[in-house]
Amino acid sequence: MINISLIYNYGFSWFKKENIFVKGYLFDKNNSFYEKEELFEYFKGITNIQSFENKIKQANGLFTVIIKNEDSVFFAVDRLRMFPIFYFIENEDIFISDDVEHLRLQNKLYEFDEKSVSEFLATAYVTSSKTLVKNIFQVQAGAYFHFYNTTIFSKTYYSYFFSEEKSSSFEKLCNKLPEILDEVFKRQIDTFKKRTVVIPLSGGFDSRLIAVMLKKFDYQNVVCYTYGRKNNIEISISKQVAKTLDFKWILIEYTEDLIKNYLNDKSFQDYFKFSANYNTMFFMQEYFAVKYLKDNNLVPQDSIFIPGHSGDFIAGSQLAKNDGLGKKTSIKKIVNAIYKTKYNIIKPEKRFRKPFKSEISTFVTKSYQENRNLKAYSVYEDWDFKEKISKYLINSINVYNFFGYEFRLPFWDSILVDFFKNIPYEFRLHKLLYDKVLTDIYFEKYDISFKNEIQTSAFKTKIQSVKNLIRPFLPSKMKQKLLEKNDIIFYKNITEKMIDDLKKNGKEYYPATNSYNSNILQWYINELKIY
């Protein structure tokens, strides 16, 4: 029996026709756009695994698709796993849903996976196909499944690693990038259909580029907003960018009054269950801003949000943070780099540390089995892409979904990702090529290049690496002071409400020293154990 239960219709809705279930949007290989019911046209006629794989490989967008036949089912997510899907198999039956809680109750699966809980507290997500619940699994980013006659076959159709770097010169690549950006944004703008575009405008480069590209192509129906503590450095930069580009700008100041009693609010209760879904952390930094926009009717309900996720990643921001990995190194060094840089929010239980490293080693070894000539840093980035980027960073976009808004992610357009994926290492290190093109070709032209940018230079990265070496040896109170000093969002105040709740209920907790996310993670785990 094949049982499909699709619950969530926030922002993007599920559409069903005959044997096909779809959600999201995509461009095909000819750049034709499909959304909502139009997606049926793209996926119709698939009868075997090869035609299914070909279709999802050629799809450029954010989507999840399920095709149910009489005795089998195909299901896949896009490269980013934007709309997660989960499954449980029992004998000859498979149960598929976008809601883990539904699968739990439907099949009476109440046991948590202790190792997954420890991993969740350390990283803010559960890796590979696991979830926090035993026997309930998730589809990885860039993967598809085929269930037939009690057997399940899975395959990763997209990976971020590579073996050869482009041979183009720095100058040629600098000239090529603007052409690609033009193509990407023209294609995206055609899908807006004159609806309001909403930009979460920070002080960084990614969201600023989005604003510039909309200005370049004369898209006028734009609203920018910035949020956080009063007078933080992001606010002054974003305000100046919006003013110079002549876009409406909204400041949402985070205060105690804005966040008061949110733990008891039904909206928050629904949000955290939807966004975390037993596999990743729910984000709170933008929750109050989007809620404020909606509650005060500051943007139309059919608006499209365009955040800057994740221009910095594809441009190379993680290369200087991967513990010194270069183009060639040992599997052990890659494993240690991943473990050291990713499993550090709350230190994993001692009994699970070796198993975690073993799982990472299996991932890295399998990558090299596919191609012995892989660039070491790209294997690290592939892990980062499949785990942290897709499950953690991209999951933060669920806040737009939850409040009923659609969104676009231009930085994850296939041609832009493929351009950056294997350009020479030295051009991506410290985002050298990306930052130069943005500054010289776009920001200076539109008079939005500033002397004191919030960008991580090579010098700043070296200083930060020294601080990272020293930080573990600092007293806990000093770590907490440093964390508070850098809190421009109001995250300490937001997440301390959760710690107060844990204290009130007599729960033990680890004080936040590396990230306020630890407060969210601990609160969520304790909420689950109450059920």
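Anything mentioned here points back to the structure above.
The notes below deal with the structure included here. Worth saying up front: this structure is predicted, and the values here are computed from it rather than measured. (Residues numbered from 1 in each chain as written. Predicted model: local features only at pLDDT ≥ 70, side-chain atom pairs only at ≥ 80, totals over all residues. Heavy atoms only, no water.)

### Observations concerning unusual backbone geometry
Here the residue pair H309 and S310 is connected by a cis peptide bond, since its omega of -10° sits within 30 degrees of zero. Within the secondary structure, S310 is located in the loop between strand 15 (304-305) and helix 11 (311-315). At N31, a residue that is not glycine, the phi angle is positive and equals roughly 70°. Tracing the backbone shows N31 in the loop between strand 3 (20-27) and strand 4 (33-35). (Helix = DSSP H or I, 4+ residues; strand = E, 2+ residues; numbered from the N terminus.)

### Some remarks on the pairing of strand 8 (residues 93-97)
In terms of residue burial, strand 8 counts as a mostly covered element, since four of its five residues are buried. Note: strand 1 (residues 2-5) against strand 8, four bridges, orientation parallel. If you follow N3 over to strand 8, its bridge partner there is F95. Between strand 7 (residues 86-90) and strand 8, which pair antiparallel in sequence order, lie two residues; one of them, N91, sits at a positive phi of approximately 55°. (Buried < 20%, exposed > 50% of the residue type's maximum accessible area, 1.4 Å probe, protein only. Pairing = 2+ DSSP bridges.)

### Comments concerning the side chain of N279
Along the chain, N279 falls in the loop between helix 9 (266-276) and helix 10 (287-295). Among the polar contacts listed, one links the side chain of N279 to the side chain of R81, at a separation of 3.3 Å. Ignoring anything within four residues of it in the chain, the contact list for N279 reads R81, F86, F120, Y125, V126, L132 and Q138. (Polar contact = N/O pair within 3.5 Å; in protein donor to acceptor, adjacent residues only side chain to side chain. Contact = heavy atoms within 4.5 Å.)

### Re the nonpolar core
With 171 residues, the main nonpolar core has F43, Y225, F282, M284 and W412 as its most contacted residues. The biggest single contributor to this core is helix 5 (residues 170-190), with eight residues. If near-sequence neighbours (up to four positions away) are discounted, W412 is found in contact with N60, L80, Y160, H309, S310, F313, I314, F385, I389, I394 and V417. Judged by nonpolar contacts, the second largest core, of 16 residues, contains Y87, I94, V139 and F147. (Core = buried A, V, L, I, M, F, W, Y, C linked by side-chain atoms within 4.5 Å.)

### Regarding the packing of helix 12 (residues 331-342) against helix 14 (residues 376-393)
Packing of helix 12 against helix 14 brings their axes to within 10 Å, and their N-to-C directions diverge by 40°. The orientation of helix 12 with respect to helix 14, classified from their angle, is oblique. Between helix 12 and helix 14 lies a crossing whose hand is right-handed. On the side of helix 12, the interface is formed by I334, A337, I338, T341 and K342, while helix 14 contributes A376, V379, Y380, W383, D384 and K388. (Axes fitted to C-alpha atoms, helices over the stretch in contact; angles between N-to-C directions. Parallel < 35°, antiparallel > 145°, perpendicular 65-115°, else oblique. Left-handed = near helix turned anticlockwise from the far one by under 90°.)

### A word on the environment of I525
With respect to the element layout, I525 can be found in helix 22 (residues 517-530). With a relative accessible area of 7%, I525 lands in the buried category. Placed 404 residues apart in sequence, I525 and L121 show a C-alpha to C-alpha distance of 8.5 Å. Setting aside chain neighbours within four positions, we find I525 in contact with V117, F120, L121 and L132.

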